[in-house]
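# Commentary on secondary and tertiary structure
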Amino acid sequence: MTGRLRLGVNIDHVATIRNARGGDHPDPVRAAEIVAAVGGDGITAHLREDRRHIRDDDLARIQSATDLPLNLEMAATDEMLEIALRHSPHAACIVPERREERTTEGGLDAAGQHNRLAPIVTRLADAGIRVSLFIAPEERQLEAAMRLGAPVVEFHTGEYAHAEGEARAVELRRLSDLAALAVKNGIEPHAGHGLTYENVQPVAAIPQIAELNIGHYLVGEAVFVGLEAAVKRMRDLMDAAR
Ligand code: PXP
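First, a word on what this report is: a plain description of the structure on this page. (Residues numbered from 1 in each chain as written. Predicted model: local features only at pLDDT ≥ 70, side-chain atom pairs only at ≥ 80, totals over all residues. Heavy atoms only, no water.)

Glancing now at the site of the ligand. Every one of the 13 residues lining the ligand counts as a neighbour, but Glu73, Glu154, Gly194, Gly215 and His216 are closest to it. A distance of 2.8 Å is found between an oxygen atom of the ligand and a backbone nitrogen or oxygen belonging to histidine 216. In isolation the ligand offers 390 Å² of accessible surface; the protein chains occlude 94% of this area. Here the shell around the ligand is composed, by residue class, of 4 nonpolar, 7 polar and 2 charged. (Near = heavy atom within 4 Å. Polar contact = N/O pair within 3.5 Å; in protein donor to acceptor, adjacent residues only side chain to side chain. Areas by Shrake-Rupley, 256 points an atom, 1.4 Å probe, with all protein chains shown as cover. Nonpolar A, V, L, I, M, F, W, Y, C, P; charged D, E, K, R; others polar.)

Spatially, 8 strands are ordered β1-β2-β3-β4-β5-β6-β7-β8 in a closed barrel, and the strand pairing comes out parallel. On average, each strand axis in the sheet is tilted by 25 degrees relative to the strand beside it, whichever way the strands run. Bridge count for strand β1 (residues 6–10) against strand β2 (residues 42–46) is 3 bridges, and the pairing is parallel. By the bridge assignment for β2, glycine 8 is matched with glycine 42. Where helix α6 (residues 139–148) meets the sheet, its contacts fall on β5 (130–135) and β6 (152–156), and the angle it forms with β5 comes to roughly 160 degrees. (Pairing = 2+ DSSP bridges. Helix = DSSP H or I, 4+ residues; strand = E, 2+ residues; numbered from the N terminus. Axes fitted to C-alpha atoms, helices over the stretch in contact; angles between N-to-C directions. Contact = heavy atoms within 4.5 Å.)

Take a look at the structure:
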């Protein structure tokens, strides 16, 4: 599965800045419009249980502002399931969530939570929502995703992003091996977390990976160069690596 690598831009942290003052500025919807104008392939937004960045009303506003597919990141809870069914995003990426964490620190334990995840995956799939599971690049998690019938997995690249030297090469090989195994088993592999201009290219070069979801770094760079320029540069680096 080679071909154009899609870029989903996670706009959560535009909302983080907005919420720091409790008002309406900066609006993540404006970020979504810029991503659409600059050729991004999708908008990713995580409605966390504590609503620390994206708020409920942002979802419909994002959906009506652009034609880009919305990838809703969500915890495996009944509340989030109902919200996903109500909004019917293009995709729902199920992520682990702990209230006290600063970000999504690890992958979903798809292997250990089969019974909790199975009805949620089924209901999302029955509603025509493309289900993705955010997992560590580990064989047992991929096998669990297969048992759950998820059409997509997103590999957590946090370990890769934090590693250096030989350790990074090891993490990259894991990502590459697991992406190949996913495709062999009919699952579309995506990747994301902690990706930057500096570390994106080796991941983008893995031919089976179909989509990257990148947020924090792009929003950070946007402070200095603007979101349009930041997304364009990331896109150019991805294309050059492919
Ligand atoms: N993909 C998923 C499933 C995530 O939870 C996150 C972080 O919210 C990202 C991608 C983007 O990670 P980052 O903000 O580090 O680029």
